[in-house]
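Report on the structure
Each chain, written out:
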Amino acid sequence: MRFDIVLNNLCGIAATTGKIAMTSDGTPWRPLVHVLDICEAIACALEAPQDAIQGEVFNVGHDADNYQVRDIAQIVAGVYPGCELTFGPSGGDNRSYRVDFSKIHARLPGFRCSWDARKGARQLHDVFERIGLDRAGFAARPFTRLQQLKYLSATRQIDDRFFWRY
């Protein structure tokens, strides 16, 4: 699990606190893709004609899965009953990422995404409820990339270029 990915993070916050307090207005864009859709893309690529994929790079997803962060937060709040959602002012971190997914659909016509943000949020809700996710589990170091990298560096398990030490 990665809790530093926007949908996972917002679901973790909602599950452990019952409220999402956005520090911005949520206008930046983020593309979302479920790991099972990535697996489907790999399976389609393995079955595709070599000339359709050889040496190519594909954005995996669907154009409809470019969301504004505020829309993701609203979806998550709707999946978690009684979740309070507030937004902050515009400004701060305004990095936006919108991705064009047309190439994968043109080159791999059998590829289709089966997951969207609402379905993913429901899945996370069910899993977090089943495992009893608490604040300590949500905040645990191994589930946040930057915290884990700092730990691996501090314990000298990785070098300054992020390569494993032997």
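Below is a summary of the structure that appears in this document. Note that the structure is a prediction, hence the values are computed from the model and not measured. (Residues numbered from 1 in each chain as written. Predicted model: local features only at pLDDT ≥ 70, side-chain atom pairs only at ≥ 80, totals over all residues. Heavy atoms only, no water.)

**A short note on the packing of aromatic side chains**
For the structure shown, the criterion picks out three aromatic pairs. Between the aromatic rings of phenylalanine 3 and phenylalanine 138, the centroid separation amounts to 4.8 Å while the plane-to-plane angle is 65°, which identifies the pairing as edge-to-face. With a gap of 135 residues between them, phenylalanine 3 in the segment before helix H1 (6-17) and phenylalanine 138 in helix H7 (residues 135-139) connect regions that are remote in the sequence. Since its relative accessible area comes to 4%, phenylalanine 3 is described here as buried. A residue is classified by how much of its surface remains accessible, and phenylalanine 138, at 8% relative accessible area, is buried. With a centroid separation of 5.8 Å and an interplanar angle of 80°, the aromatic rings of phenylalanine 3 and phenylalanine 143 are classed as edge-to-face. Of this pair, phenylalanine 3 sits in the segment before H1 while phenylalanine 143 is found in the loop between H7 and helix H8 (145-154), placing the two residues 140 residues apart along the sequence. For phenylalanine 143, a relative accessible area of 29% puts it in the partly exposed group. By the ring-pair criterion, three or more aromatic residues cluster together here, those being Phe3, Phe128, Phe138 and Phe143. Positioned over the ring face of tryptophan 115 is lysine 119, at 4.5 Å from the centre of the ring. (Phe/Tyr/Trp six-rings, centres within 6.5 Å; stacked < 30°, edge-to-face > 60°. Helix = DSSP H or I, 4+ residues; strand = E, 2+ residues; numbered from the N terminus. Buried < 20%, exposed > 50% of the residue type's maximum accessible area, 1.4 Å probe, protein only. Lys NZ or Arg CZ within 6 Å of the ring centre and 35° of its normal.)

**Some words on unusual backbone geometry**
At arginine 156, a residue that is not glycine, the phi angle is positive and equals roughly 60°. Relative to the elements of secondary structure, arginine 156 occurs in the segment after H8. Positive phi outside glycine occurs at phenylalanine 162, with the angle close to 70°. In this fold, phenylalanine 162 is placed in the segment after H8. Looking at phenylalanine 162, the relative accessible area reads 53%, which means it is exposed.

**Observations concerning the nonpolar core**
Membership of the largest hydrophobic core comes to 24 residues, with the highest contact counts inside it found for Leu7, Cys11, Val76 and Tyr80. When contributions to this core are tallied by element, the ones reaching two or more residues are H1, helix H4 (69-79) and helix H6 (117-131). Here this core gets seven residues from one element, more than from any other, and that element is H4. Of all hydrophobic cores here, the second largest spans seven residues; its members include Ala41, Phe58, Ile104 and Leu108. (Core = buried A, V, L, I, M, F, W, Y, C linked by side-chain atoms within 4.5 Å.)

**Quick look at H1**
In this model, H1 (twelve residues) spans 16 Å end to end at C-alpha, consistent with the 16 Å of a helix rising 1.5 Å per residue. Among all positions in H1, only Leu7, Asn8, Leu10, Cys11, Gly12 and Ala14 are buried. Those residues of H1 that are buried lie in contact with strand S1 (19-21), H4, H6 and H7. Two residues or fewer past H1, glycine 18 is found with a positive phi of approximately 80°. (Expected span 1.5 Å × (residues − 1). Contact = heavy atoms within 4.5 Å.)

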